[in-house]
Amino acid sequence: MKISRSLKWNRGASIRTWKLARDMLLFWKRIDKEMAEVRKIEEKEAVEALRREQELREAKRQQQRLTFLIQQTELYSHFMKNKSDLLSPEVAGASFDNAFDNECLRLRQVGEADSLTHEVGGASNIDLQTP
């Protein structure tokens, strides 16, 4: 009797071992599948975040470019206004340069004071006296 129980238990142990191995295999397959889905979602989100960052960077660059063009247009209009106000051709050269320099200095000071204005790289190094 004791021997027959032992044999039954051994037969049952092999079946239980096989079922346990199968269950573990199914469990790890399911975990691997879920991890692959999570990884795919994270990669998709990373690509989307990178795209949004590039769009924001491009929008900022365009805003800086627009600000620079507006400043240059205002500078040119003040320059032309001051040029038309000059009295004589002899004084025109000195007054012309002084008025232009004064206007450039004033616009730079206004630009530095305004926190919303974005500085364009290299714009402060432009020599406006010698074209």
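Below you will find a few notes about this structure. Numbering of residues starts from 1 in each chain and follows the order in which that chain's sequence is written. The predicted origin of the model limits local features to residues at a pLDDT of at least 70 and limits the giving and counting of side-chain atom pairs to 80 or more, whereas totals for whole chains, interfaces and linings rest on all residues. The side-chain values count all of the structure's non-hydrogen atoms but skip hydrogen atoms and water molecules.

1. Here we look at the overall build of the protein chain
Labels follow the DSSP assignment, with helices taken as runs of H or I lasting at least four residues and strands as runs of E lasting at least two, numbered in each case from the N terminus. Scanning the protein chain from terminus to terminus reveals two helices and zero strands. Burial status across the protein chain gives 8% buried among its 131 residues. Note on exposure labels: buried denotes an accessible area under 20% of the residue type's maximum, exposed denotes more than 50%, and partly exposed covers the range between, all computed with a 1.4 Å probe on protein chains only.

2. As for the pattern of salt bridges
Two side chains of opposite charge can pair, provided their charged atoms sit close to one another. The salt bridge criterion pairs a side-chain nitrogen of Lys or Arg with a carboxyl oxygen of Asp or Glu, the two atoms within 4 Å. In the structure shown here, the tally under the stated rule is seven salt bridges. Among the ionic pairs, Arg-51 bridges to Glu-48, the shortest N-O distance being 2.1 Å. With a gap of three residues between them, Arg-51 and Glu-48 both fall in helix H1 (residues 2–84), about one helical turn apart. Residue Arg-51 is classed as partly exposed on the basis of its relative accessible area, which comes to 37%. Taking the relative accessible area as the measure of exposure, Glu-48 reaches 32% and is therefore partly exposed.

3. Notes on the packing of aromatic side chains
What counts as a ring pair is set by centres within 6.5 Å for rings of Phe, Tyr and Trp (its six-membered ring), and what kind of pair is set by the plane angle: stacked under 30 degrees, edge-to-face over 60, tilted for all other angles. All chains considered together, the criterion is met by two aromatic pairs. With 5.1 Å between their ring centres and 75° between their planes, Phe-27 and Trp-28 make a pair best called edge-to-face. According to the relative accessible area criterion, Trp-28 is partly exposed, its value standing at 48%. Between Tyr-76 and Phe-79, the aromatic rings sit 6.4 Å apart at their centres with planes inclined by 35°, giving tilted as the arrangement. Taken together, the positions of Tyr-76 and Phe-79, both in helix H1 and three residues apart, correspond to about one turn of that helix. Taking relative accessible area as the criterion, Phe-79 reaches 15% and is therefore assigned buried.

4. Remarks on the nonpolar core
Side-chain atoms within 4.5 Å are what join buried Ala, Val, Leu, Ile, Met, Phe, Trp, Tyr and Cys residues into a set we call a nonpolar core. Core analysis: the biggest nonpolar cluster contains five residues, these being Leu-75, Phe-79, Phe-100, Cys-104 and Leu-107. If you list the elements that add at least two residues to this core, you get H1 and helix H2 (89–113). The element best represented in this core is H2, accounting for three residues.

5. Some words on the environment of Thr-17
Along the chain, Thr-17 falls in helix H1. Polar contacts involving the side chain of Thr-17 include one to the main-chain carbonyl oxygen of Ala-13, which spans 2.6 Å. Contacts described as polar in this section are N or O atom pairs within 3.5 Å, which, within protein, must combine one atom able to donate a hydrogen with one able to accept it, while residues neighboring in sequence count only if both atoms come from side chains.

6. Points about the side chain of Glu-103
Tracing the chain through its elements places Glu-103 in helix H2. Residue Glu-103 is classed as buried on the basis of its relative accessible area of 10%. Residues are treated as being in contact if the distance between any of their heavy atoms lies within 4.5 Å. When residues no more than four places from it in sequence are discounted, the contact partners of Glu-103 are Leu-75, His-78 and Asn-82.

7. A closer look at a nonpolar patch on the surface
In this analysis, a patch consists of residues with relative accessible area above 30% that form no salt bridge, clustered at 9 Å for like charges and at 5 Å for the nonpolar side chains Val, Leu, Ile, Met, Phe, Trp and Tyr. Per-residue and other accessible areas follow the Shrake-Rupley method at a 1.4 Å probe size, with only the shown protein chains counted as cover for residues. On the surface, Leu-20, Met-24, Phe-27 and Trp-28 cluster together into a nonpolar patch covering about 420 Å² of accessible area. Secondary-structure assignment places Phe-27 in helix H1. Classification of Phe-27 by relative accessible area gives partly exposed; the value is 34%.

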